[in-house]
Amino acid sequence: MGRIGDFIGSKKAKKLVAEVENKDDKEEVRKKINEIIKKYPELLDEVVNTAKESDQIEDEVIIEILIKNIETIVDKKEISEKEKTLLNLGVKVLAAIGKEIPDKYLDKLADAARKSRHIDRQTEINVIKQMGDKKSKQKQVAKSLRRIHAGINEKTTDAYIQSVIGEFEGIVESSKSIKDLKRDIIAKKIAYNYMNNKSTQLYSLTKIISIDEMFMINMPEIVQNQYNEIMKKEKKNNSEKKYHKYDKQKFRMELLNQMAKDAAYKYKETGELKISQSQQMKKITAEEEEFFINKIDILTNKKLDERQIILIKAKIRGNLEELINLEEVTSIINKLPIDERNQAINQMRNIAENKELRKIIRTIQKVGLDKAFKGMDESSIEKRMKVFKETVDAQKEKKDKEEQTQSAHLGVTDDNEEVSL
C-alpha cells in the first residue's frame, strides 16, 4: 500500500480491534472479528497483528475464524475479489506466523491452500514447512504429491515433473508413501512419453530417481502398471484416439544401456569397474548380461580382458566373495613352479568340467581321507589307493553279477518289454 497507506491501514486496524476489545461476550467477539475480516480483507495483516497484541482477544480465536473463512471460500466454485484477497492474504498471514499455530490448524490450512487455484504452490509449501510434527508434514507432502500425480497428462513436461517434485524435497524426511508417490509420478510421466513418442528421455527424471535406482525398484514394471491405468481411462474418454504401445522390455534395455554407459565412463575416468548391485540386477537374463557387458566393452574403447569380464559378472550377480576366492586361487597357482602350475591348471579344468569328479573329491574331504594320507610319500599313497580301488572294483563286480542273476529270474528280456511275473 505504500508508507502512507500502511500507516492509515494500521491506524484503522487498531481502531477496529479496539471496538472488539470492548465486547465481553466471547461469541460477540468472534462475530465482530469475523465481520472485520470479511469487510476489510486488505487490512488482514494489520488486524491479525493488532489482535495478537491484545490481552483480551485469544490468538486461537483469530486463527479459528480465519481458517474457517478460508475453508469456506476454497469450497466455492466462484469467488469475489474480496474473497480472493481474503483467501490469499489469509493463507500468507497464517503461514508467516505458522510456528505459533497448532498443527491441527496448519493441517487444515495446507489442505485449503492445496485445493485453491488462487494460491501458489510455494505458499502451500511454506504452510507445510511451519508444521512441527514430522508425521503431519509427511502426510501433507504425500497429499500434495498425490494431487500432482492425478494432474499429470500428455501435455505435462519432464522439466515440470523435475521442478515440482524438487520443490517438496527437503521439507521432511521421506516416508514410504512419499517415496512410492515420487516413483509413481515419474512412472506415469514415462508411460505418457511412450504413449506419445514410442520412447522416453530420462535426463530430467533421473535428477529425482537415478538410473540405478530405477532398475533396482523395477521401474519398467511400475511404468507398465501406470500405463495400464492411463489406458483404462483413455478408452473411456478418447476411444478413437490412437496411442503407441508401451514395451516393458525395451525400457528395461534402455536402463541397462544407460547403466553400461555410466559404468564405462567411470571406468575411463577412475580405472575402476563400478557396477550397480541389486536383486533386480542379480536376476537379469543371460541375454541382458551379454548386452550389458558388450556395451561396456565397446564404450571403454579397449577390449575387456577375461578377468575384467569375470569381475563384471561377479558384481552383477553379487558374487564378490566368489571373485575374491577365485583371485586367491589364481594367486596360489601363479606361485607354483611352471611344471606343477600346468598340472594344477589341468586338474582344475578336469574338476570344473566333471560333476562326478567334484562329488568324489567333496566326499574324500568330508570323510577325511585326504588327511589320512597326509605325510606319506606319493608311492605309498599310490599303493594304498590301488588296494582301495581293487576292493571297490571287486564289490562292484559282485553287485553286477547279483543284479544279472536277479534279472534272469524275473524274465527280463528287453528294456522295452513288459516284465513276466
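Please read these numbers as outputs of a predicted model, since none were measured by experiment.

### Section: the nonpolar core
Inference 1: With 98 residues, the main nonpolar core has Ile186, Ile190, Met219 and Phe292 as its most contacted residues.
Inference 2: In contact with Ile186, other than residues within four places in its own chain, are Ile161, Ile165, Leu205, Ile208, Ile209, Met214 and Met219.

### Some thoughts on the environment of Lys179
Inference 1: One can find Lys179 in helix 10 (residues 176-197).
Inference 2: Through-space distance from the C-alpha of Lys179 to that of Ile309 is 35 Å; in sequence the pair is 130 residues apart.

### Focus: the pattern of salt bridges
Inference 1: Enumeration over the complete set of coordinates arrives at 25 salt bridges.
Inference 2: For the salt bridge of Lys143 with Asp111, the shortest nitrogen-to-oxygen distance reads 3.1 Å. Residue Lys143 is found in helix 8 (residues 134-151), and its partner Asp111 is found in helix 6 (residues 103-115); the two are separated by 32 residues along the sequence.
Inference 3: We classify Asp111 as partly exposed; its relative accessible area is 22%.
Inference 4: Note that Glu124 and Arg114 form a salt bridge whose closest N and O atoms lie 3.4 Å from each other. Within this pair, whereas Glu124 is found in helix 7 (residues 121-130), its partner Arg114 is found in helix 6, the two being separated by ten residues in sequence. The exposure classification of Glu124 matches that of Arg114, with both residues buried.

### Looking at the confidence of the model for the protein chain
Inference 1: On average, residues of the protein chain score 84 in pLDDT, and 91% of them reach the 70 mark or higher.
Inference 2: When mean pLDDT is compared element by element in the protein chain, helix 10 scores highest at 95, while helix 17 (residues 320-334) scores lowest at 64.
Inference 3: Note that pLDDT drops below 50 for residues 412-421; the model gives that stretch four contacts with residues more than four away or on any other chain.

### Details of empty space enclosed by the protein
Inference 1: On inspection of all chains with the given rule, the structure shows one cavity of 30 Å³ or more.
Inference 2: Its boundaries defined by the atoms lining it, the largest cavity holds a volume of some 30 Å³.
Inference 3: Broken down by secondary-structure element, the contributors of at least two residues to the lining of the largest cavity are helix 1 (2-21), helix 2 (26-39) and helix 3 (44-53).
Inference 4: A breakdown of the residues in the lining of the largest cavity according to their chemical character gives six nonpolar, no polar and no charged.

### Side note on the packing of helix 6 against helix 7
Inference 1: At a minimum axis distance of 9 Å, the contact between helix 6 and helix 7 shows a crossing angle of 165°. The orientation of helix 6 with respect to helix 7, classified from their angle, is roughly antiparallel. Here the hand of the crossing between helix 6 and helix 7 comes out left-handed. Note on element contacts: helix 7 touches helix 6 through Glu124, Val127, Ile128 and Gln130, opposite Leu106, Leu109, Ala110, Ala113 and Arg114.
Inference 2: For the contact of helix 6 with helix 7, a count of residues per class yields six nonpolar, one polar and two charged.

### Looking at the side chain of His149
Inference 1: Residue placement: His149 occurs in helix 8.
Inference 2: For His149, a relative accessible area of 19% gives the class buried.
Inference 3: Non-local contacts of His149, meaning those with residues more than four positions away in its chain, are made with Asp184, Ile185, Lys188 and Gln226.

### A short note on the layout of surface pockets
Inference 1: There is about 620 Å³ of room inside the largest pocket.
Inference 2: Forming the boundary of the largest pocket are 15 residues, of which Gln347, Ile351, Ile361, Ile364 and Met385 lie nearest the centre.
Inference 3: Elements represented by at least two residues in the lining of the largest pocket include exactly helix 18 (338-353), helix 19 (355-367) and helix 21 (378-410).
Inference 4: By residue class, the composition of the lining of the largest pocket is ten nonpolar, four polar and one charged.
Inference 5: When its volume is computed, the second largest pocket comes out at roughly 370 Å³.
Inference 6: Around the second largest pocket, the lining comprises 19 residues; the ones closest to its centre are Asn34, Glu64, Ile65, Lys68 and Asn69.
Inference 7: At the level of secondary structure, the elements contributing two or more residues to the lining of the second largest pocket comprise helix 2, helix 4 (59-74), helix 5 (81-96) and helix 6.
Inference 8: Here the lining of the second largest pocket is built from residues that sort into six nonpolar, three polar and ten charged.

Reading the values: rules and limits
Residues numbered from 1 in each chain as written. Predicted model: local features only at pLDDT ≥ 70, side-chain atom pairs only at ≥ 80, totals over all residues. Heavy atoms only, no water. Core = buried A, V, L, I, M, F, W, Y, C linked by side-chain atoms within 4.5 Å. Buried < 20%, exposed > 50% of the residue type's maximum accessible area, 1.4 Å probe, protein only. Contact = heavy atoms within 4.5 Å. Helix = DSSP H or I, 4+ residues; strand = E, 2+ residues; numbered from the N terminus. Salt bridge = Lys/Arg side-chain N within 4 Å of Asp/Glu carboxyl O. pLDDT = per-residue confidence, 0-100. 1 Å grid on protein atoms, 1.4 Å probe; cavity = no way out; pocket = protein on both sides within 12 Å on 5 of 7 lines; lining within 4 Å. Points joined across faces, edges and corners; volume = space filled by probe spheres on them. Nonpolar A, V, L, I, M, F, W, Y, C, P; charged D, E, K, R; others polar. Axes fitted to C-alpha atoms, helices over the stretch in contact; angles between N-to-C directions. Parallel < 35°, antiparallel > 145°, perpendicular 65-115°, else oblique. Left-handed = near helix turned anticlockwise from the far one by under 90°.

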